[in-house]
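Working through the structure, step by step
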Amino acid sequence: MFHSQPLTQLISTALHDSPTLDASRNALIQAQETTIAQQGGYFPTISGQISHEREEISGAGEGQPGLSQTFSVDTAQLNVSYTFDIWGANRRAVEADAGRADYQRFLLEGATNMLAANTADAAITEASLTAQITAERTMLDDQQHLLTTVHNQFEDGAATGANVAAQQTQVAQTAALLPPLLTQLEQTRDQLADYLGQIPSQAHVPTVTLDDLNLPESLPLSLPSALVEQRPDIRAAEAQLHTASAQVGVAIAARLPQVTLTGAIASEAAQPYQLFSPATGAWNLLDQALTPIFQGGTLLHQQRAAEAGLRSAAATYKATVVGGFQNVADSLVALGNDGDEVHAAQDAATAAARSLSLAKTEYDSGGASYQSVLTAEIQDQNATISVIKATAARYTDTVALFTALGGGWWNRTDAAPPPESLLKSLVP
């Protein structure tokens, strides 16, 4: 959107190499695999068992003391069990896990957007600091040249010692502005290295200048009603709402009878080679209904806790939506005023540069006092820095608007469209 190859390279590298995003990707995979694992509850469980048992039986139990019998039993058995999901406990558990997977997905999308935005902001800050340092050094050179002129005039008796001291003070004050800017610049570059997943001492960070950046010709605005589908934080809150609703269903089902069908088919023989031969077969089939009768109020209060969690998730969702609209409104207001600020700063810089030029000319010809030159110097310095800061602020506020609208939803190709919202069925 900014038509800057260095900025595009920075963001692409960050998205590819960031360990933070790698952690989020694996958290998403974990949640997705957990959902698939829970879906196994839709099917019967089948297990195989092979055992060899050596046993001795005493005859005393049958009135024949002193007699005993030793024998071996080999068993091959197939066990099948299936719990009927009559009340939807497993189905709602799958929904809850799916909601968690959606939540992780939107966290990943949000982290991706924020990493791109933070990288862009840091690059713009670096460009702004670089431009400020260049401007300060240029002004410092000009002020040192003027100091030489004032000193020569003092030697010739055309200037006072106060004029020389004032200019020396101005030079020193300008020089004192450079170290903090240099510190901020190095710290910003270290931050960029962190976003790129690199150690500062070994980072290769492309340099971005303000001249490399161009304001987007058009902004990817959208309808307010579409904001809830674009912002990852809102979609994440919706996924949590879905999970909370499903957990209510799980809690309700836990209070109702559970019906399980189990069966086994086996072959038992005295020797392994006799397995599966005639007259060695055995089987059993069991229908079982298990219902909770008294749990000390545990299940009731677990259901109430789940219902409170649903209400909390609904309130969180509402707060997230409201906050999203506030972010967009704030960004639009800031961006709308940034243009006026840049134009005003540019006009002020043009006027200050002209004022300084006239003051120097009049001072050289003796038509103006040195105080007017010093005042013009300070005004020119402040106006130049104001233009740089206003320009950078316009770019960062543009980034903020993109982020508030949900990031680059208009050209996402790395993820399937999100599932249809279940909000209407989840909220009473």
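Here's what I pulled together on the structure shown here. What you see is a predicted model, and the numbers here were worked out from it, not measured in a lab. (Residues numbered from 1 in each chain as written. Predicted model: local features only at pLDDT ≥ 70, side-chain atom pairs only at ≥ 80, totals over all residues. Heavy atoms only, no water.)

1. Thoughts on the overall build of the chain
We count it as follows: By definition, any uninterrupted DSSP run of H or I lasting at least four residues is a helix, any uninterrupted run of E lasting at least two residues is a strand, and each is numbered from the N terminus. Only the C-alpha atoms count toward the radius of gyration. The rule for a globule is 2.2 Å times the residue count to the power 0.38. It only takes one pair of heavy atoms within 4.5 Å for two residues to be counted as in contact. Residue burial considers only the protein chains on display, and all accessible areas are found by Shrake-Rupley using a 1.4 Å probe. Lys and Arg are tallied as positive, Asp and Glu as negative. Neither His nor the chain termini are counted. Taken as the charge centre is NZ of Lys, CZ of Arg, CG of Asp or CD of Glu, depending on the residue.
Helix and strand content of the chain: nine helices and four strands. Mapped from its N terminus to its C terminus, the chain presents α and β elements in the order α-α-β-β-α-α-α-α-β-β-α-α-α. Rg of the C-alpha trace for the chain: 38 Å, well past the compact-globule value of 22 Å for 428 residues, more than 25% over. On the principal axes, the C-alpha backbone points of the chain span a range of 140 × 50 × 40 Å. Of the contacts made within the chain by residues no fewer than 6 positions apart, 82% connect residues no fewer than 24 positions apart. When the accessible area of the chain is evaluated, it comes to approximately 24,100 Å², of which 56% is carbon and sulfur surface. Looking at charge distribution, the chain has the averaged site of its 20 positive side-chain charges lying 9 Å from that of its 44 negative ones.

2. So, the pairing of strand β1 (residues 45-58)
Note the following rule: Burial classes follow relative accessibility: with a 1.4 Å probe on protein chains only, a residue under 20% of its type's maximum area counts as buried, one over 50% as exposed, and anything between as partly exposed. Two strands pair if DSSP finds at least two bridges between them.
When you tally the buried positions in β1, you get zero out of 14 residues, a small fraction of the element. Summarising the sheet, β1 and strand β2 (residues 68-84) pair through 14 bridges and their orientation is antiparallel. By the bridge assignment, Arg-54 is partnered in β2 with Ser-72.

3. What about unusual backbone geometry?
Comment: phi is negative for the bulk of residues other than glycine, and the bulk of peptide bonds are trans. Positioned with a positive phi, Phe-276 is a non-glycine residue whose angle comes to about 70°. A positive phi angle, near 70°, is found at Ala-279, a position not held by glycine.

4. Some words on the sheet that holds β2
To be explicit about the condition: An axis is simply a line fitted to the C-alpha atoms; with a helix, the fit covers only the stretch in contact. Between two such axes, the angle follows the N-to-C directions and lies from 0 to 180 degrees.
Here we have four strands laid out as an open sheet, ordered β1-β2-β3-β4, and antiparallel in their pairing. The sheet is open, and its two borders are formed by β1 and β4 (281-290), each paired with just one other strand. Within this sheet the neighbouring strands show an average axis-to-axis angle of 25°, counted without direction. When β2 meets strand β3 (residues 258-269), the two strands line up antiparallel, connected through eleven bridges. The residue bridging Val-80 from the neighbouring strand is Gly-263, located in β3.

5. Notes on the pattern of salt bridges
Put simply, the test is: By definition here, a salt bridge exists when the distance from a side-chain nitrogen of Lys or Arg to a carboxyl oxygen of Asp or Glu is within 4 Å.
Counted under the stated rule, the structure contains seven salt bridges. Residues Glu-95 and Arg-92 are paired through a salt bridge, measuring 3.4 Å at the closest nitrogen-oxygen approach. Remark: Arg-92 and Glu-95 occur in helix α3 (residues 89-155); sequence separation between them is three residues, near one turn of the helix. By the burial criterion, Glu-95 is buried, and Arg-92 matches it. For Arg-100, the salt bridge identified is with Asp-97, shortest N-O distance 2.7 Å. Of the two residues, Arg-100 and Asp-97 both sit in helix α3, three residues apart, roughly one turn of that helix. A single salt-bridge network, built from bridges that share partners, covers Arg-91, Arg-92 and Glu-95.

6. Considerations on the pairing of β3
Two elements, β3 and β4, share ten bridges in a ladder whose sense is antiparallel. Residue pairing across strands places Thr-260 opposite Gln-288, the latter belonging to β4.

7. Things to note about the packing of aromatic side chains
Describing an aromatic ring pair means giving the distance of the ring centres and the angle of the ring planes. Put simply, the rule reads: Here is the rule: rings of Phe, Tyr and Trp (six-membered ring for Trp) pair when centre to centre is within 6.5 Å. Planes less than 30 degrees apart are stacked, more than 60 are edge-to-face, and the remainder are tilted.
Counted according to the given criterion, the structure contains three aromatic pairs. Ring geometry for Phe-2 versus Tyr-395: centroids 6.0 Å apart, planes at 75°, classification edge-to-face. You can see Phe-2 sitting in the segment before α1 (5-17) and its partner Tyr-395 sitting in helix α8 (residues 370-404), a full 393 residues away along the chain. With respect to class, Phe-2 is no different from Tyr-395; both count as buried. An aromatic cluster of at least three residues, connected via ring pairs, comprises Phe-2, Tyr-395 and Phe-402.

8. Digging into a nonpolar patch on the surface
To keep things clear, this is the line we draw: Put simply, a patch holds well-exposed residues, over 30% relative accessible area, that have no salt bridge, with like charges counted together within 9 Å and Val, Leu, Ile, Met, Phe, Trp or Tyr side chains within 5 Å.
Together, Ile-46, Leu-78, Val-80, Ile-265, Trp-283 and Leu-285 make up a nonpolar patch on the protein surface, roughly 680 Å² of accessible area in all. At the level of secondary structure, the elements contributing two or more residues to the nonpolar patch comprise β2 and β4. With respect to the secondary-structure elements, Ile-265 resides in strand β3.

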